[in-house]
Amino acid sequence: MTRFAPKALVLAICALPVALQAAEAKTSPVKSNDFSYNYAQLGYVMQDWDGAFDVDAIDAQLSMAIDEHLFLRGQFQVFDGDFDVGFVDADTDGWLLGAGVGFNTPLADDLDLVVTGDLVHIKYENDGYRVFGVRVANVDDDDTGIRLTGGVRMRATQELELAGGLYLNDVGPQDDIGLFGDALLHLNDQFDVGAGVKLGGDLTEFGVFGRYNF
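Residues numbered from 1 in each chain as written. Predicted model: local features only at pLDDT ≥ 70, side-chain atom pairs only at ≥ 80, totals over all residues. Heavy atoms only, no water.

Enquirer: Before we go on, may I ask you to explain the overall build of the protein chain in this structure?
Expert: Within the protein chain, the secondary structure is distributed over 1 helix and 10 strands. In sequence order, the protein chain lays out its α and β elements as α-β-β-β-β-β-β-β-β-β-β. Here the protein chain, with 214 residues, has 38% of them falling under the buried criterion. Contacts in the protein chain between residues at least 24 apart in sequence constitute 54% of all its contacts with a sequence separation of at least 6. As displayed, the protein chain has an accessible area near 11,300 Å², and 64% of this comes from carbon and sulfur atoms. (Helix = DSSP H or I, 4+ residues; strand = E, 2+ residues; numbered from the N terminus. Buried < 20%, exposed > 50% of the residue type's maximum accessible area, 1.4 Å probe, protein only. Contact = heavy atoms within 4.5 Å. Areas by Shrake-Rupley, 256 points an atom, 1.4 Å probe, with all protein chains shown as cover.)

Pasting the structure below:
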């Protein structure tokens, strides 16, 4: 896919709060569904980028509500894996740092619209490309871009939440657009466990996580 220009990425992130405030003015007066947007989360993620860039990651996320519709987001991830195409392969490791804002509003009882936008920086190092087992080069790379999601969050039962929608990723090994889905099981008022999946043109991702609500 064609990458967005860096200035366009910055403008998109800066314009997001304005767009969300405009959307807030048009939302219907459904009572709050009392979903928690204040939590810390730790999980394990497996990513397969078009069969080439395959990594396992430890993923930490933070969400903090700043009013009834807006919340701040943060993410830190460390990963390790390999890059393997044809006769070329390399061990890969690196990290990812993201920060952004989210918007939520009730659509109906037990159903929220949720939109997020993050500015993300990723850095990874290939510990020597190897061709037929012979090391030929070390490669370091980094990238900064945006990640957008739009979808719904639904309370299926008092113990189970479901979420899903569309995502756009413009950072990392490849640009990508696809679908995401999450399931969240409430253990008690503070602790949840969950699982998530992303299925895109280039990315297949599965993850599990634990969440502490505060």
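After presenting the structure, the write-up continues.
Enquirer: Quick question: what am I supposed to make of a nonpolar patch on the surface here?
Expert: Residues Leu42, Tyr44, Met46, Ile58, Phe76, Val78, Trp95, Leu97, Leu199, Phe206 and Val208 make up a contiguous nonpolar surface patch of roughly 1,000 Å² in combined accessible area. Taken together, the elements giving at least two residues each to the nonpolar patch come down to β1 (39-49), β3 (70-85), β4 (88-108) and β10 (203-213). At 3 residues, β1 tops the list of elements feeding residues into the nonpolar patch. Tracing the chain through its elements places Val78 in strand β3. (Patch = residues over 30% accessible without salt bridge, like charges linked within 9 Å, V, L, I, M, F, W, Y side chains within 5 Å. Salt bridge = Lys/Arg side-chain N within 4 Å of Asp/Glu carboxyl O.)

Enquirer: I tried to follow unusual backbone geometry on my own but got confused; where do I start?
Expert: With glycine set apart, most residues show a phi of negative sign, and most peptide bonds adopt trans. In this model, Asp34 sits at a positive phi of 60 degrees, which is unusual for a non-glycine residue. Among the structural elements, Asp34 can be located in the loop between α1 (6-25) and β1. By relative accessible area, which is 64% here, Asp34 ends up exposed. In the Ramachandran plot, Asp110 falls in the positive-phi region, its phi being about 65 degrees despite a non-glycine side chain.

Enquirer: I'm lost on the nonpolar core in this one. Help?
Expert: Counting residues in hydrophobic clusters, the biggest one holds 14 residues, and the most contacted among them are Phe53, Phe79, Ile122 and Tyr124. Only β1, β2 (53-65) and β5 (111-131) provide two or more residues apiece to this core. Setting aside chain neighbours within four positions, we find Ile122 in contact with Phe79, Trp95, Leu96, Asp141, Asp142, Asp143, Val171 and Gly172. (Core = buried A, V, L, I, M, F, W, Y, C linked by side-chain atoms within 4.5 Å.)

Enquirer: Where do I start with the pattern of salt bridges in this structure?
Expert: Two side chains bearing opposite charge may form a pair once their charged atoms approach each other closely. Inspection of the entire model under this criterion finds 4 salt bridges. Between Arg73 and Asp118 there is a salt bridge; the shortest N-O distance is 2.6 Å. Of this pair, Arg73 sits in strand β3 while Asp118 sits in strand β5; the two residues are 45 residues apart in sequence, bridging distant segments of the chain. By relative accessible area, which is 2% here, Asp118 ends up buried. The partner of Arg155 in a salt bridge is Asp110, and the shortest N-O contact between them spans 2.8 Å.

Enquirer: I tried to follow the packing of aromatic side chains on my own but got confused; where do I start?
Expert: The description of an aromatic ring pair rests on the distance of the ring centres and on the angle between the ring planes. The full count for this structure, using the stated rule, is 2 aromatic pairs. Between Phe191 and Tyr212 the ring centres are 5.3 Å apart and the planes differ by 50 degrees, which places this aromatic pair in the tilted class. Here Tyr212 lies in strand β10 and Phe191 lies in strand β9 (residues 191-200), a separation of 21 residues in the sequence. The exposure class of Tyr212 is partly exposed, given its relative accessible area of 37%. (Phe/Tyr/Trp six-rings, centres within 6.5 Å; stacked < 30°, edge-to-face > 60°.)

Enquirer: Please clarify how the environment of Arg73 should be interpreted in this entry.
Expert: Given the relative accessible area of 21%, Arg73 is considered partly exposed. Beyond its immediate chain neighbours, meaning those up to four positions away, Arg73 contacts Leu62, Gly98, Ala99, Gly100, Val101, Gly102, Thr116 and Asp118. For Arg73, the side chain forms a polar contact with the side chain of Asp118, separated by 2.6 Å. (Polar contact = N/O pair within 3.5 Å; in protein donor to acceptor, adjacent residues only side chain to side chain.)

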